[in-house]
Amino acid sequence: MADALLAAALAARENAFAPYSKFKVGAALEEVDGRVHTGCNVENATYGLTVCAERVAVFKAISEGARKFRRVAVAADTDALTPPCGACRQILWEFCGDVEIVLVNPRGKTETYRLKDLFPKPFDASFL
Ligand code: THU
């Protein structure tokens, strides 16, 4: 995989803790200075406490002081590429704004979106 961000998302996916769904997801965020933060989905026996790969990556990055992001990659092994769930779109909007979202699978298929197109009318701090 020539694009290091996509390679990072695919590699993070290998760490997924997904014994219940068996559906492994990886995510990678690229800061404006090029640094990369990764995450994988972490499931729980209660099911409802599962956290998606995208939110793990965002919270890891924010907790390490990262603040400005220019791209997000999401990796799953599906032919119809897996997009972020609704909860993750909300969290991505909060911290990344209208960022570029690249979906990828292990066979190298990719699709690129702007978050605004996946999440067209967000609720955010501008309403508070
Ligand atoms: N999942 C993610 O990590 N990200 C997504 O964008 C979609 C879903 C995870 C949550 C759960 O562990 C598994 O995939 C099945 O829903």
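Shown above is the structure to which this text applies.
Residues numbered from 1 in each chain as written. Predicted model: local features only at pLDDT ≥ 70, side-chain atom pairs only at ≥ 80, totals over all residues. Heavy atoms only, no water.

S.K.: So what's going on with the side chain of arginine 71? Residues and values would help.
M.R.: Residue placement: arginine 71 occurs in strand 3 (residues 69–76). Take arginine 71: its relative accessible area is 16%, and that puts it in the buried class. One polar contact links arginine 71 to aspartate 3, side chain to side chain, over a distance of 2.8 Å. (Helix = DSSP H or I, 4+ residues; strand = E, 2+ residues; numbered from the N terminus. Buried < 20%, exposed > 50% of the residue type's maximum accessible area, 1.4 Å probe, protein only. Polar contact = N/O pair within 3.5 Å; in protein donor to acceptor, adjacent residues only side chain to side chain.)

S.K.: Describe in detail the site of the ligand, supporting the description with residues and values.
M.R.: Close contacts around the ligand come from Ser21, Phe23, Val25, Asn41, Glu43, Thr50, Cys52, Ala53, Glu54, Pro83, Pro84 and Cys85, and that covers them all. Note that an oxygen atom of the ligand is positioned 2.9 Å from one of the backbone N or O atoms of alanine 53. Here the ligand loses 79% of its free accessible area of 370 Å² to cover by the protein chains. Of the residues belonging to the shell around the ligand, the class tally is 7 nonpolar, 3 polar and 2 charged. (Near = heavy atom within 4 Å. Areas by Shrake-Rupley, 256 points an atom, 1.4 Å probe, with all protein chains shown as cover. Nonpolar A, V, L, I, M, F, W, Y, C, P; charged D, E, K, R; others polar.)

S.K.: Can you explain a nonpolar patch on the surface? Please cite residues and give values.
M.R.: A cluster of nonpolar side chains, contributed by Phe17, Tyr20, Val42 and Tyr47, occupies part of the molecular surface with about 420 Å² of accessible area. Here tyrosine 47 is to be found in the loop between strand 2 (36–40) and helix 2 (53–63). Tyrosine 47 gets classed as exposed once you look at its relative accessible area, which sits at 58%. (Patch = residues over 30% accessible without salt bridge, like charges linked within 9 Å, V, L, I, M, F, W, Y side chains within 5 Å. Salt bridge = Lys/Arg side-chain N within 4 Å of Asp/Glu carboxyl O.)

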